[in-house]
Amino acid sequence: MSIPIASSSLPPTSSMEIIFGRNKKEQLEPVSATVTGKIPTWLQGTLLRNGPGMHTVGDSKYNHWFDGLALLHSFSIKDGEVFYRSKYLQSDTYNANIEANKIVVSEFGTMAYPDPCKNIFSKAFSYLSHTIPDFTDNCLINIMKCGDDFYATTETNYIRKINPQTLETLEKVDYRKYVAVNLATSHPHYDEAGNVLNMGTSIVDKGRTKYVIFKIPATAPGTKKKGKSLLKHAEVFCSIPSRSLLSPSYYHSFGVTENYVIFLEQPFKLDILKMATAYVRGVSWASCMSFHREDKTYIHIIDQRTKKPVPTKFYTDPMVVFHHVNAYEEDGCVLFDVIAYEDSSLYQLFYLANLNQNFEENSRMTSVPTLKRFAVPLHVDKNAEVGSNLIKLASTRATALKEKDSHVYCQPEVLYEGLELPRINYAHNGKPYRYIFAAEVQWSPIPTKILKYDILTKSSLKWGEECCWPAEPLFVPTPGAKDEDDGVILSAIVSTHPQKLPFLLVLDAKNFTELARASVDVDMHLDLHGLFIPAADWSAEKQIPDKTQEDENSDAPITPQA
Ligand SMILES: CC1=C(/C=C/C(C)=C/C=C/C(C)=C/C=O)C(C)(C)CCC1
Ligand SMILES: [Fe+2]
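Computed from a prediction, not measured in an experiment: that's the story for all the values here.

## So, the site of ligand 1
Not every one of the 17 residues close to ligand 1 is listed here, only the nearest: Phe 66, His 252, Trp 285, His 323 and Tyr 347. Compared with its free state, where it exposes 540 Å², ligand 1 has 97% of that area covered by protein. Of the residues belonging to the shell around ligand 1, the class tally is 11 nonpolar, 5 polar and 1 charged.

As structure tokens, then:
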């Protein structure tokens, strides 16, 4: 069961240095973990995760934690044993930095300048009106599965194919060759057949800034052959014009139900003009983003059957959402759950300067991440009175008030305060569900516990241990499971305790008791997101393409779909 830690336990400054400051040493050879407890025999496969691992190159330092060079790591579980390995993503960014022995590629919070004579990014100054340098391929946020292929992802137009077994870096793929997007989320959705649904922003398509929803099929004729990319078969599903051409919203994820896509056009925006001049002004991309507290948050509901947005104009108060939790349909309404903030201060807290000195003072959250449930009526009765609540569901206190001119103002139900990095049993994605697994965040944005929140009973279970910093908890179902929470929770735990090694934690998802931990004597980083690859998925025919096989037409001109 959960081991309580003092609720006010604060990570000392030295712990912050261990977690965020130091470059992490990669573990190239698989190392065997010491397992205590018992890993369920059915749990066989690989937990593959991504996150920033290196924040200093030579004498130069990144400014922000999200700038760090991507470090992939994996826990391979077989017959109760666990093997760990880690490897830096060999992105063009990583290679250019290592070769120059300094940071030469710009990241989210750090603008960098390459040596003019050694500019491997020489093609860089072409796309965005010759002003914005090519974006980074330091794919540090998540892992995406496309058919049998795995990619490390970030939020730019680049993804990097990886070998999920060896953690080797394969092709660099430019989304722009297939879909007209300059940015894309690192949180795609998958349908039951494994087709990928993702969203991106097209900034410079003939001045028509828009949000693009696209699908990558799980299979396509001829793609089983080595090096054939499923991305070639990507299809634009729907485009939504940005309310403002020069300041599209920033978003980190989106929601889906069985028939709808939920996109929040929030007042946390990118300023394209600022971005176009950032390089010459010597400021970071992050400084080109701002929260407009006087604006609204527009809720776009896209019908997957007609591929068109629902015409009603739904909106809510200004907020900032990074993570959608889940969404589903109930009695003619779309219900969606998000982790919402009052402002964009979260990104401010992850500046390394704040994480190193005066941590306690600098990292107090001014806005607490809050689980909120919204309800959106799909059919608005024209005769309903202005001011009336269109939500008649017994299951939620969320409201949607009818206004004039087909506008509907949505007010959420607050469910829980102080949680981030939400995960669910993905078999319930887009469908009614009951449980959320997340990291509990108290006074600072750094998780101290793992949480199971029961939406039905509004109760929670927690796991925490002194000097242990949990990562996102991932749910793996028991084969043939009937109950939504029949399975285990996996989380990579970083320890700052001098006598405690980092470990893979295995919890029973039902009661949050510890089933096992697999400790490894390595320099483990605090990661962001990842996925579990069941051993059954590694079948003989699913060969990993070799490194020499480049992405097809890698030098072909970019001809994205409109
Ligand atoms: C490089 C780059 C970007 C990177 C953003 C990143 C790396 C965001 C990471 C967010 C995370 C990790 C959120 C967790 O909740 C932008 C702003 C999209 C635009 C321009 C270039
Ligand atoms: Fe995320």
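## What to know about the pairing of strand E8 (residues 142–146)
Among the 5 residues of E8, 4 are classified as buried, and the element is accordingly described as predominantly covered. Counted along the chain from E8 to the antiparallel partner strand E9 (residues 149–153), the turn is 2 residues long, and its residue Gly 147 has a positive phi close to 60 degrees.

## Thoughts on the UniProt feature "binding site: Fe cation" (unreviewed entry) in the chain
If you check UniProt for "binding site: Fe cation" (unreviewed entry), the listed places come out as His 187, His 252, His 323 and His 529 in our numbering. In summary, the annotated positions, though distributed over 343 residues, converge in three dimensions, the widest C-alpha pair being only 12.5 Å. Here His 187 lies in the loop between strand E12 (183–184) and strand E13 (189–190). Not counting residues up to four positions away in its chain, the partners in contact with His 187 are Asn 142, Asn 198, His 252, Ser 253, Phe 254, His 323 and His 529. In this structure the side chain of His 187 is engaged in a polar contact, spanning 3.0 Å, whose partner is the side chain of His 252. Its place among the elements puts His 529 in strand E39 (residues 529–534). Since its relative accessible area comes to 2%, His 529 is described here as buried. Aside from chain neighbours lying at most four places away, what touches His 529 is Arg 49, Asn 50, Ile 141, Asn 142, His 187, His 252, His 323, Leu 421 and Glu 472.

## Here we look at the pairing of strand E27 (residues 399–402)
By the bridge criterion, 4 bridges tie E27 to strand E28 (residues 407–411) in an arrangement that is antiparallel. When the sheet's bridge partners are listed, Lys 402 is paired in E28 with Val 408. Counted along the chain from E27 to the antiparallel partner E28, the turn is 4 residues long, and its residue Asp 405 has a positive phi close to 55 degrees.

## Some points on the sheet that holds E9
What the 4 strands build is an open sheet, ordered E8-E9-E10-E11; its pairing is antiparallel. Every interior strand has two partners, whereas the edge strands, E8 and strand E11 (169–174), have only one. Pairwise comparison of adjacent strand axes, ignoring direction, gives a mean angle of 35 degrees for this sheet. Examined bridge by bridge, E9 and strand E10 (residues 158–162) share 4 bridges and lie antiparallel to one another. Considered in E10, the bridge of Tyr 151 is made with Lys 161.

## Section: the side chain of Asp 149
Considering the arrangement of structural elements, one finds Asp 149 in strand E9. Residues in contact with Asp 149, not counting those within four places in the same chain, are Met 144, Lys 161 and Lys 228.

## Digging into the sheet that holds strand E26 (residues 370–377)
Two orientations exist for strands paired in a sheet by backbone hydrogen bonds: parallel and antiparallel. As summarised here, the arrangement of the 4 strands in space is E24-E25-E26-E29, forming an open sheet in which the pairing is antiparallel. In this open sheet, the two edge strands, each paired with only one partner strand, are strand E24 (320–330) and strand E29 (413–417). For this sheet, the mean angle separating the axes of adjacent strands, direction not counted, is 20 degrees. Relative to strand E25 (residues 333–341), E24 is paired through 8 bridges, and the arrangement is antiparallel. Within E25, the residue paired with His 324 across the bridge is Val 338.

## Describing helix H2 (residues 92–100)
Since the α-helix advances by 3.6 residues per turn, residues separated by three or four positions end up pointing in the same direction. Within H2, the full set of buried residues consists of Thr 93, Tyr 94, Ala 96 and Asn 97. The secondary structure elements touched by the buried residues of H2 are strand E3 (45–54), strand E4 (56–57), strand E6 (69–78) and strand E7 (81–88). The first or second residue beyond H2 is Asn 101, which carries a positive phi of 55 degrees.

## As for the coordination of the iron ion (ligand 2)
With distances of 2.0 to 2.1 Å, the protein atoms coordinating the iron ion (ligand 2) are His 187 (NE2), His 252 (NE2), His 323 (NE2) and His 529 (NE2). Classification of the site at the iron ion (ligand 2) as irregular follows from its 4 donor atoms and the range of 93 to 148 degrees in their angles at the metal. Along the chain, the residues donating to the iron ion (ligand 2) fall in the pattern H-x64-H-x70-H-x205-H. Here His 252 is found in the loop between strand E16 (235–241) and strand E17 (255–256), whereas its partner His 323 is found in strand E24, with 71 residues between them in sequence.

## With respect to the nonpolar core
Ranked by size, the top nonpolar core spans 94 residues in total, and within it Phe 20, Trp 65, Ile 299, Ile 301, Phe 336, Tyr 347 and Leu 371 carry the most contacts. Ranked by residue count, the leading element in this core is E25, at 8 residues. If we skip the residues at most four places from it in the chain, Leu 371 touches Val 325, Asp 337, Val 338, Ile 339, Glu 413, Val 414, Leu 415, Tyr 416, Leu 419, Ile 436 and Tyr 453.

What counts, and where the lines are drawn
Residues numbered from 1 in each chain as written. Chains lettered and ligands numbered in written order. Predicted model: local features only at pLDDT ≥ 70, side-chain atom pairs only at ≥ 80, totals over all residues. Heavy atoms only, no water. Near = heavy atom within 4 Å. Areas by Shrake-Rupley, 256 points an atom, 1.4 Å probe, with all protein chains shown as cover. Nonpolar A, V, L, I, M, F, W, Y, C, P; charged D, E, K, R; others polar. Buried < 20%, exposed > 50% of the residue type's maximum accessible area, 1.4 Å probe, protein only. Helix = DSSP H or I, 4+ residues; strand = E, 2+ residues; numbered from the N terminus. Pairing = 2+ DSSP bridges. UniProt positions renumbered as here; feature names shortened; annotations may be inferred. Contact = heavy atoms within 4.5 Å. Polar contact = N/O pair within 3.5 Å; in protein donor to acceptor, adjacent residues only side chain to side chain. Axes fitted to C-alpha atoms, helices over the stretch in contact; angles between N-to-C directions. Donors = N, O, S within 2.8 Å, 3.2 Å for Na, K, Ca; no water. Tetrahedral: all angles 85-135°; square planar, octahedral: opposite > 155°, others 65-115°. Core = buried A, V, L, I, M, F, W, Y, C linked by side-chain atoms within 4.5 Å.

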